Amino acid sequence: MPPDHKSIEDLRPINSKCVRCSLCKFPPLVTVESAQFSSACPSYHEYKLHSHSGGGRVVMALALGEGRAEITDEARDAFFQCTLCGACDIACKYSSDIEILEMLYALRAESFRRVGPLPGHQRILERLDEAGHPRPESGKKGDWLREMGREAGTEGRETLLYVGDHYALCPDARKSLQNLVHVLEAAGVAFGALGDDEPSTARVALDIGDVERFDGHAKAAAQAVRRSGASTVICIDPHDLNAFRAHIPKVIDLDGVRFVQAVEFLDELASAGRLQPSGPLRKRVAYHDPCTLGRLSE
């Protein structure tokens, strides 16, 4: 299956329907109950400029595609001060079928193609090439396994734990990873791990607009999953889950493999009675559901 990343031109027929209503800046208005919760777009909330909203960026993309504008430093600032959270896309789809989020990715890809990456982005991409991941930390992705006295391996395991760059390499996140492993083992889950051989999904390259580099890493990640033989893949990092569910299938077929976030998987174990608390939990806990998970990885 050929890569299916949409270009500005591909999206022009549907996105030219934008009527500049500005609803992309806010939650669906019928759901707003107070001024405190009446803002959806982080960059518009910060800068109060139409160019820093989803609709404003759609206008810029259409102008670029039709040769009515060019990419300036100010325009690139507006492109990349977007968090790609998708709030504008959800708000717009409350009453239309315009593809704002797809256009935001297409806009960054067009910017990368025409003028290349920003200096900071260039360093991230170079790190991807040099180390196989964008993280600044040194070490190998299987170090966490060695710390826990375990070995990498997937043979005979239907479940694969896809750790991701952040949890494998960031010392501050390593404890969360180890705690998850202990909980999975307590529930009797037999899972495999790729260790040093786990490729990066490189979703950051897609965010930067380097579609070609993302495609290469996407294929490597998908092929590693296929070789593992796993039918279920537990992703710890929501960015990896989003890559596997929403973007890697544009590049390579992953039909038949189920991708689930670790918290979802733990909820399933608890519902099945495989996880039982050792005592009552007298705490009120708030789980922060990041946009990359709840909004973008449905």
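Up top is the structure.
Residues numbered from 1 in each chain as written. Predicted model: local features only at pLDDT ≥ 70, side-chain atom pairs only at ≥ 80, totals over all residues. Heavy atoms only, no water.

Colleague: Talk me through the environment of Ser39; I want residue IDs and the actual numbers.
Modeller: As for its placement among the helices and strands, Ser39 is situated in the loop between α1 (8-15) and α2 (42-47). In the structure, Ser39 is positioned 29 residues away from Arg68 in sequence and 31 Å away in space, judged by C-alpha atoms. At 3.2 Å, the side chain of Ser39 and the side chain of His45 are in polar contact. (Helix = DSSP H or I, 4+ residues; strand = E, 2+ residues; numbered from the N terminus. Polar contact = N/O pair within 3.5 Å; in protein donor to acceptor, adjacent residues only side chain to side chain.)

Colleague: Kindly report on the pairing of strand β1 (residues 159-162), identifying the contributing residues and their values.
Modeller: Alternating positions in β1 separate into two faces, Thr159 and Leu161 on one and Leu160 and Tyr162 on the other, with burial throughout. Here β1 runs beside strand β3 (residues 232-235); their pairing, made up of four bridges, is parallel. Note on β3: the bridge partner recorded for Thr159 is Thr232. (Buried < 20%, exposed > 50% of the residue type's maximum accessible area, 1.4 Å probe, protein only. Pairing = 2+ DSSP bridges.)

Colleague: Now, about the state of the cysteines: what can you tell me, with residues and values included?
Modeller: If you walk through the whole model with that rule in mind, you get zero disulfides. Residue Cys18 stays outside any disulfide, its sulfur separated by 6.5 Å from that of Cys21, the closest cysteine. Counting only cysteine sulfurs, Cys88 is the nearest neighbor of Cys24, a cysteine outside any disulfide, at a range of 6.3 Å. (Disulfide = S-S within 2.5 Å.)

Colleague: Describe unusual backbone geometry, and please don't skip the residues or the numbers.
Modeller: Here Arg20, not a glycine, exhibits a phi torsion of approximately 60 degrees, which is positive. By the secondary structure assignment, Arg20 is in the loop between α1 and α2. Here Arg20 falls in the partly exposed class, since its relative accessible area comes to 44%. Although it is not a glycine, Ala202 sits at a positive phi angle of roughly 55 degrees.

Colleague: Requested: an account of the packing of aromatic side chains, with residues and values cited.
Modeller: One pass over the full model with this rule turns up three aromatic pairs. Considering the side-chain rings of Phe26 and Tyr44, the 6.4 Å spacing of their centres and the 85 degrees angle between planes classify their relative orientation as edge-to-face. Taken together, the positions of Phe26 in the loop between α1 and α2 and Tyr44 in helix α2 put the pair 18 residues apart, joining distant regions of the chain. Under the relative-accessibility criterion, Tyr44 is labelled buried at 18%. Geometrically, the ring pair formed by Tyr162 and Phe244 is edge-to-face, given 5.0 Å between the ring centres and 80 degrees between the ring planes. In this pair, Tyr162 is assigned in strand β1 and Phe244 in helix α13 (residues 238-247), connecting sequence segments 82 residues apart. Here Tyr162 falls in the buried class, since its relative accessible area comes to 0%. Overall, Phe244 belongs to the buried group, its relative accessible area being 2%. An aromatic cluster is present here, built from Tyr162, Phe244 and Phe259 joined pairwise through their rings. Across from the ring centre of Tyr44, 5.1 Å away, lies the NZ or CZ of Lys25, which sits over that ring. (Phe/Tyr/Trp six-rings, centres within 6.5 Å; stacked < 30°, edge-to-face > 60°. Lys NZ or Arg CZ within 6 Å of the ring centre and 35° of its normal.)

Colleague: Give a description of the nonpolar core that names residues and reports values.
Modeller: If you look at the biggest cluster of nonpolar residues, it comprises 56 residues, and the most contacted ones within it are Tyr162, Phe244, Ile248 and Phe259. Ignoring sequence-local partners within four residues, the contact set of Tyr162 consists of Leu194, Glu198, Pro199, Thr201, Ala221, Val225, Val233, Ile234, Cys235, Ile236, Asp240 and Phe244. Judged by nonpolar contacts, the second largest core, of 25 residues, contains Leu145, Ala168, Leu169 and Leu275. (Core = buried A, V, L, I, M, F, W, Y, C linked by side-chain atoms within 4.5 Å. Contact = heavy atoms within 4.5 Å.)

Colleague: Which residues make up helix α14 (residues 262-271), and what values do they have?
Modeller: What α14 keeps buried is the set Ala262, Phe265 and Leu269. Seen from one end, α14 has its buried residues packed into an arc of 65 degrees, which puts them on one side. On its buried side, α14 packs onto α10 (171-186), β3 and β4 (258-261). Taking the backbone nitrogen of Val263 as reference, a side-chain oxygen 2.7 Å away marks Gln261 as the first, capping residue of α14. Where α14 ends, the next residue or the one after it, Gly273, has phi of about 80 degrees, a positive value. (Arc of directions from axis to C-beta.)

Just geometry here; none of it tells us what the structure is for.
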